[in-house]
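# Examination of the molecular architecture
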Amino acid sequence: MAYTEEELKKELETKEYEYGFYTDIESETFPNGLNEDIVRAISKKKNEPEWMTEWRLEAFRIWSEMEEPEWANVNYEKPDFQGISYYSAPKKKDKYNSLDEVDPELLETFNKLGISIEEQKKLAGVAVDIVMDSVSVATTFKKTLAEKGIIFCSISEAIQEHPELVKKYIGTVVPRKDNFYAALNSAVFSDGSFCYIPKGVRCPMELSTYFRINQAGTGQFERTLVIADEGSYVSYLEGCTAPMRDENQLHAAVVELIALDDAEIKYSTVQNWYPGNAEGKGGVFNFVTKRGICETNAKISWTQVETGSAVTWKYPSCILKGNNSVGEFYSIAVTNNYQQADTGTKMIHLGKNTKSTIISKGISAGKSQNSYRGLVQINSRAENARNFSQCDSLLMGNKCGAHTFPYIEAKNKSAQIEHEATTSKIGEDQIFYCNQRGIDTEKAIALIVNGFSKEVLNKLPMEFAVEAQKLLEISLEGSVG
Amino acid sequence: MELKDKLVSSFMAFENQIDVDTSVHDIRSEAIKIFEEKGFPTKKEEAWKYTSLNTLLKNDFSVFPKEEVALDFKDIKKYFIHDIDSYKIVFIDGVYSSHLSETTHEGMDICLMSAALHKPKYRPVIDNYFNKVAKTDDSLTSLNTAFSKEGAYIHIPKNKAVDKPVQIIHFATGNEAAIMLQPRNLIIVDENSHIQIIERHQSLTENPVLTNSVTEIFADKRAVVDYYKIQNDVQSASLIDNTYISQQRDSNASVHTFSFGGNITRNNLNFYHKGEHIDSTLKGVTIVGDKQHVDHYSLVHHAQPNCESHQDYKGIYADRSTGVFNGKIVVDKIAQKTNAFQQNNNILINDKATINTKPQLEIFADDVKCSHGCTIGQLDEEALFYLRTRGIPEKEGRALLMYAFANNVLESVKIPEVKRRINKLIATKLGVNLGFDL
């Protein structure tokens, strides 16, 4: 483990959500509620061209006719969509050229999060596009990236400066009418990240964004669009923390990945939003639509570590459209206390010789419910499609639940599909063995859980792997004993 | 008139034919209400996502059989497992056929549902068991309950191993243009008793037949129930089979389902555990072609500690056939030390064939061993090549491999004659004559 016993001890003592603070930055917030005027106002605020406004309005109309889905294996009090403010931005609207111009309070927030920009800048390989309450306030390493022709900016900037790319790709993977939350996001998305890797370019560094929900009562509607042109490669990191709140906060993001011929996108997420307190009060609702499309020989790999949120509803998916394309999904979902997670993936095999791998590890503790819901679909023209799925669940205590809902649909005889699932608990003999060697129970559990999750942790980029490992322990702390 | 309306309106007429002062009357009236409210299941329901009854329900099924038809034993002999001595309960178009049957009242009851529902001496048993494990909010089960009149009634008292298997066979003769049959079986096996049952539905006609069958089985302490369902019906016949099994502690129940034919076959198989140390086995082999549709929907509800369940379903799908497997295992909070295993393997022979499978686990206890595995694949080309190099023609080689694929399930068939019959059916189905019994 990458830190000392002292550090862990300290970590455990401050077990309450450590990132739960609220930064007092003057924000400009819209009145609560949602109607066409609000959609127009958001669009206007962002100085968007006419086509974008229309696109949003159409999404709003679609959304108004949709009903909130109820099929997921989660129970929660439905958010009041008219009780949310759909736009909030830190007041300073100027772009900064150096850190000195940035609101010191904001810098303090980043320091608390452990992502000091100065440090980040110096640390090799990570360009940070920080999103604080929906508006991108700082973009680093932009110049290095620009030399390679890589566009990495906020989506609102992209709408201004690269409208042809945005227009061409937005909504192609996740159409506005895809689902309730995707439609909502399409209508009101405030900001997000945009990334374009030109033909044949291998992005020299891991791209990353940090999301934070800050303003009380604001929902966060991020929109991410990553386009990897022919033969390019990009690794994208996304990590999230949110301050402690008693009322539920809604997060409905949409992420679209487009991997053109021979391109590869690696998308990693560490999600640690406020899960509510030990009594299940508060916490973030996370209803996310993530999907990627693979053209010929392309590859998309999703890796996620989910430890936060009161309710998670998230299925990063791959449409394997091109021949020989590859989709991967590696996931660890940890639920504790009253958290509920319904997460998994969809692998839609359309092209020939397409391959997909699903490794999902669910860990439930406390009174939480953890579900894996997945779909593997082999279309009739997808010759020689191959899928391997493995879903393992680890239960801690007898008040939690683990569920699997794998859907497998095969329409081609040459398909080869394997699905395995197991459910187990941490063996008393395993803990005893550790105790014998002087490792206390709490630590032993951390050790075993890390072992259980290793297959997925290994897939994370270095920067995240350490953080994720730490996160797993904090989330499970106090769950056995 | 739609079938649903027809059924609801004929309920009155049905009620008039039978006496209404039994407690069963209330159960029936309640059931028809539930059916009227819910109607036939549609694809919008999660449990029926992959199976549509729409085309089937367009037939103008007659609900009541009009007259009794006699069948000659020699014509239908082949549908029996005739090389063993057995008790037989035979129905023709839903009506009991006494001359084809062999029932008993000596020391145990292997007889008719109609008798059990009417004779006062059975009343306490009916009050105790009838419609007690069947899911009362399920529309098709309720429909059957509303029209429950005839079927098999088996009650084995304590400490008795039934000397020979029981065969329950339903024939449809085509006397009516299209017929809907709703047999209702009740099987009660008391403490420490053993029974083996073979069930078959057979249509002798090209006319459409829809069978909506409900079987309730109660296995008391240490009872052993061994149930075989042979489904090899003609293309015009459809079957919705609802089987509910309630098990007391230390009991052992197994159901083998062999689906080789029929238009739409839906097997709803439910196991409920009421005590500790229960063993449940669910196995099946499905080999279909044409446009056949077979849907296995199973539930094992582990509600008590220290129980085991074993599930193993193999499917081979050719032509334009569709297979569905939906296996659900629920493990309650108190059901610690549960071992639940589920396996579903499928082979698609043809690009037009489809398989949809959804093995589902819902687990609320931590000290359990649960696993499920599911595969879809093809025959191993190398194994096939090996067989061919040894002089076994491709077709026979394929058959051998497919047979081997299904063999796991056959191994646990306890009646040798049934095993032999199934082997023969598989050989016919695969279109080979290997010159020896597989």
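Residues numbered from 1 in each chain as written. Chains lettered and ligands numbered in written order. Predicted model: local features only at pLDDT ≥ 70, side-chain atom pairs only at ≥ 80, totals over all residues. Heavy atoms only, no water.

## Let's talk about the overall build of chain B
Scanning chain B from N- to C-terminus turns up 10 helices and 20 strands. Within chain B, the fraction of its 438 residues that count as buried is 62%. Pairs at least 24 apart in sequence give 84% of the contacts found in chain B among residues at least 6 apart. When the accessible surface of chain B is summed, it comes to about 16,900 Å², and 48% of that surface belongs to carbon and sulfur atoms. (Helix = DSSP H or I, 4+ residues; strand = E, 2+ residues; numbered from the N terminus. Buried < 20%, exposed > 50% of the residue type's maximum accessible area, 1.4 Å probe, protein only. Contact = heavy atoms within 4.5 Å. Areas by Shrake-Rupley, 256 points an atom, 1.4 Å probe, with all protein chains shown as cover.)

## A word on the overall build of chain A
Within chain A, the regular secondary structure consists of 12 helices and 24 strands. Taking all 481 residues of chain A together, the buried fraction comes to 63%. Long-range contacts, defined here as pairs at least 24 residues apart, represent 84% of the contacts in chain A between residues at least 6 apart. As presented, chain A carries roughly 18,600 Å² of accessible surface, and 47% of it is formed by carbon and sulfur atoms.

## Let's talk about the side chain of Ser360(A)
Tracing the chain through its elements places Ser360(A) in strand S20 (residues 355–364). In contact with Ser360(A), other than residues within four places in its own chain, are Phe329(A), Ser331(A), Tyr372(A), Gln390(A), Cys391(A) and Asp392(A).

## What to know about the state of the cysteines
Counted by the stated rule, this structure contains 0 disulfides over all chains. Counting only cysteine sulfurs, Cys294(A) is the nearest neighbor of Cys318(A), a cysteine outside any disulfide, at a range of 5.5 Å. (Disulfide = S-S within 2.5 Å.)

## What to know about the confidence of the model for chain A
Residues and elements named next belong to chain A. On average, residues of chain A carry a pLDDT of 78, and 77% of them reach 70 or more. Low pLDDT (under 50) marks residues 91–96, which in the prediction has 9 contacts with non-local residues, meaning those over four places away or in another chain. Confidence over residues 118–127 falls short of pLDDT 50; this stretch has 25 contacts with residues more than four positions distant or in other chains. (pLDDT = per-residue confidence, 0-100.)

## Overview of the interface of chain B and chain A
Contacts between chain B and chain A engage 35 residues on the former and 33 residues on the latter. Here chain B and chain A share an interface that buries about 2,700 Å² over both sides, 48% of which is from carbon and sulfur atoms. Among the residues chain B hides against chain A, the three largest losses belong to Asp351(B), Asp366(B) and Ile376(B). Together they make up 22% of the total. Across the contact surface, chain B and chain A share 0 salt bridges. Counting across the chain B and chain A interface gives 16 residue pairs in polar contact (both at pLDDT 80 or more). (Buried area = accessible area lost by both parts, 1.4 Å probe. Salt bridge = Lys/Arg side-chain N within 4 Å of Asp/Glu carboxyl O. Polar contact = N/O pair within 3.5 Å; in protein donor to acceptor, adjacent residues only side chain to side chain.)

## Section: the packing of helix H3 (residues 50–64) of chain A against helix H9 (residues 180–188) of chain A
Residues and elements named next belong to chain A. At a minimum axis separation of 7 Å, H3 and H9 run at an interaxial angle of 150°. The two elements H3 and H9 meet at a crossing, and its hand is left-handed. Along its contact with H3, which presents Trp-55, Arg-56, Ala-59, Phe-60, Ile-62 and Trp-63, the element H9 presents Phe-180, Ala-183, Leu-184, Ser-186, Ala-187 and Val-188. By residue class, the composition of the contact of H3 with H9 is 10 nonpolar, 1 polar and 1 charged. (Axes fitted to C-alpha atoms, helices over the stretch in contact; angles between N-to-C directions. Left-handed = near helix turned anticlockwise from the far one by under 90°. Nonpolar A, V, L, I, M, F, W, Y, C, P; charged D, E, K, R; others polar.)

## Focus on the packing of aromatic side chains
Residue and element names in this part refer to chain A. Summed over all chains, the structure comprises 25 aromatic pairs over all chains. Measuring from centroid to centroid gives 5.2 Å for Tyr-181 and Trp-313, while their planes differ by 75°, and the two rings are edge-to-face. Residue Tyr-181 is located in helix H9, and its partner Trp-313 is located in strand S15 (residues 311–314); the two are separated by 132 residues in the primary sequence. Take Tyr-181: its relative accessible area is 1%, and that puts it in the buried class. Owing to a relative accessible area of 5%, Trp-313 belongs among the buried residues under this scheme. Its guanidinium or amino end placed over the ring of Phe-189, Arg-223 lies 5.8 Å from that ring's centre, counting from NZ or CZ. Looking at Lys-361, its charged tip hangs above the ring of Phe-452, at a distance of 5.1 Å from the centre. (Phe/Tyr/Trp six-rings, centres within 6.5 Å; stacked < 30°, edge-to-face > 60°. Lys NZ or Arg CZ within 6 Å of the ring centre and 35° of its normal.)

## Details of unusual backbone geometry
Residue and element names in this part refer to chain A. Even without glycine at this site, Asn-337 takes up a positive phi of about 50°. For Asn-337, the position within the fold is in the loop between strand S17 (326–335) and strand S18 (340–343). Asn-337 gets classed as partly exposed once you look at its relative accessible area, which sits at 30%.

## A look at the pairing of strand S16 (residues 308–317) of chain B
All names here are of chain B. Taken across its 10 residues, S16 has 8 buried, putting it largely inside the fold. Summarising the sheet, S16 and strand S18 (residues 339–348) pair through 10 bridges and their orientation is parallel. In the strand pairing of S18, Gln-311 is matched with Gln-342. (Pairing = 2+ DSSP bridges.)

## Here's the deal with helix H2 (residues 36–45) of chain A
All names here are of chain A. By the burial criterion, the buried members of H2 are Ile-38, Val-39, Ile-42 and Ser-43. Along H2, the residues classed as buried sweep out an arc of 135° about the axis, all on the same side. Turned more than 90 degrees off the buried face of H2, the exposed positions are Asp-37 and Lys-44. Of the surrounding elements, those touching the buried residues of H2 are H3 and H9. Where H2 begins, the side chain of Asn-35 points an oxygen toward the backbone nitrogen of Asp-37, at a separation of 3.0 Å. Residue Asn-47 follows H2 closely and has a positive phi angle near 60°. (Arc of directions from axis to C-beta.)

## A look at a negative patch on the surface
All names here are of chain B. Taken together, the side chains of Glu-2, Asp-5, Glu-36 and Glu-37 define an acidic patch exposed on the protein surface. If you trace the backbone, Asp-5 turns up in helix H1 (residues 3–17). Since its relative accessible area comes to 40%, Asp-5 is described here as partly exposed. (Patch = residues over 30% accessible without salt bridge, like charges linked within 9 Å, V, L, I, M, F, W, Y side chains within 5 Å. Lys, Arg positive; Asp, Glu negative; His and termini not counted. Charge placed at Lys NZ, Arg CZ, Asp CG, Glu CD.)

## Concerning the pairing of strand S14 (residues 299–306) of chain A
Residue and element names in this part refer to chain A. With 7 of 8 residues buried, S14 is to be regarded as a mostly interior element. Sheet analysis places strand S12 (residues 264–272) next to S14, joined by 8 bridges and oriented parallel. Note that in S14 the partner of Glu-264 across the bridge is Lys-299.

## Remarks on helix H8 (residues 381–389) of chain B
An α-helical turn contains 3.6 residues, so a residue and the one three or four places further along point in the same direction. For H8(B), the N-terminal capping position is held by Asp380(B), with its side-chain oxygen 2.9 Å away from the main-chain nitrogen of Glu382(B). Residue Gly391(B) follows H8(B) closely and has a positive phi angle near 85°.

## What to know about the packing of helix H10 (residues 428–436) of chain A against helix H11 (residues 441–457) of chain A
Residues and elements named next belong to chain A. The interhelical angle for the contact between H10 and H11, taken along N-to-C directions, is 120°, at an axis separation of 9 Å. When the axes of H10 and H11 are compared, the pair comes out oblique. Seen from above, H10 lies across H11 with right-handed handedness. Contacts between H10 and H11 pair Gln-430, Ile-431, Cys-434 and Asn-435 from the former with Thr-441, Ala-444, Ile-445, Leu-447 and Ile-448 from the latter. A class-by-class count of the residues in the contact of H10 with H11 yields 6 nonpolar, 3 polar and no charged. (Parallel < 35°, antiparallel > 145°, perpendicular 65-115°, else oblique.)

## Focus: the pattern of salt bridges
Residue and element names in this part refer to chain B. All told, the structure shown has 34 salt bridges over all chains when counted by the stated rule. The partner of Lys-6 in a salt bridge is Asp-60, with the nearest N and O atoms 2.7 Å apart. Here Lys-6, found in helix H1, pairs with Asp-60, found in the loop between helix H3 (54–57) and helix H4 (73–76); they are 54 residues apart in sequence, far enough to count as distant. Put simply, Asp-295 and Arg-266 hold a salt bridge, and the shortest N to O gap is 2.6 Å.

## A short note on the environment of Glu150(B)
Residues and elements named next belong to chain B. Topologically, Glu-150 is positioned in the loop between helix H7 (139–146) and strand S4 (152–156). Between the alpha carbons of Glu-150 and Arg-184 there is a distance of 6.0 Å; along the sequence they are 34 residues apart. Side-chain polar atoms of Glu-150 contact the side chain of Ser-114, separated by 3.0 Å.

## What about the side chain of His349(A)?
All names here are of chain A. Within the fold, His-349 resides in strand S19 (residues 346–349). Polar side-chain contacts of His-349 include one of 2.8 Å to the side chain of Thr-354. Once you skip the residues sitting within four places of it in the chain, His-349 turns out to touch Leu-320, Thr-354, Lys-355, Ser-356, Val-376, Gln-377, Ile-378, Asn-379, Ala-382, Ala-385, Arg-386 and Asn-387.

## Focus on the environment of Asn75(A)
Residue and element names in this part refer to chain A. Along the chain, the position of Asn-75 falls in the loop between H3 and strand S2 (88–90). On the basis of relative accessibility, which here comes to 64%, the residue Asn-75 falls in the exposed class. Separated by 236 residues in sequence, Asn-75 and Val-311 have C-alpha atoms that sit 8.2 Å apart.

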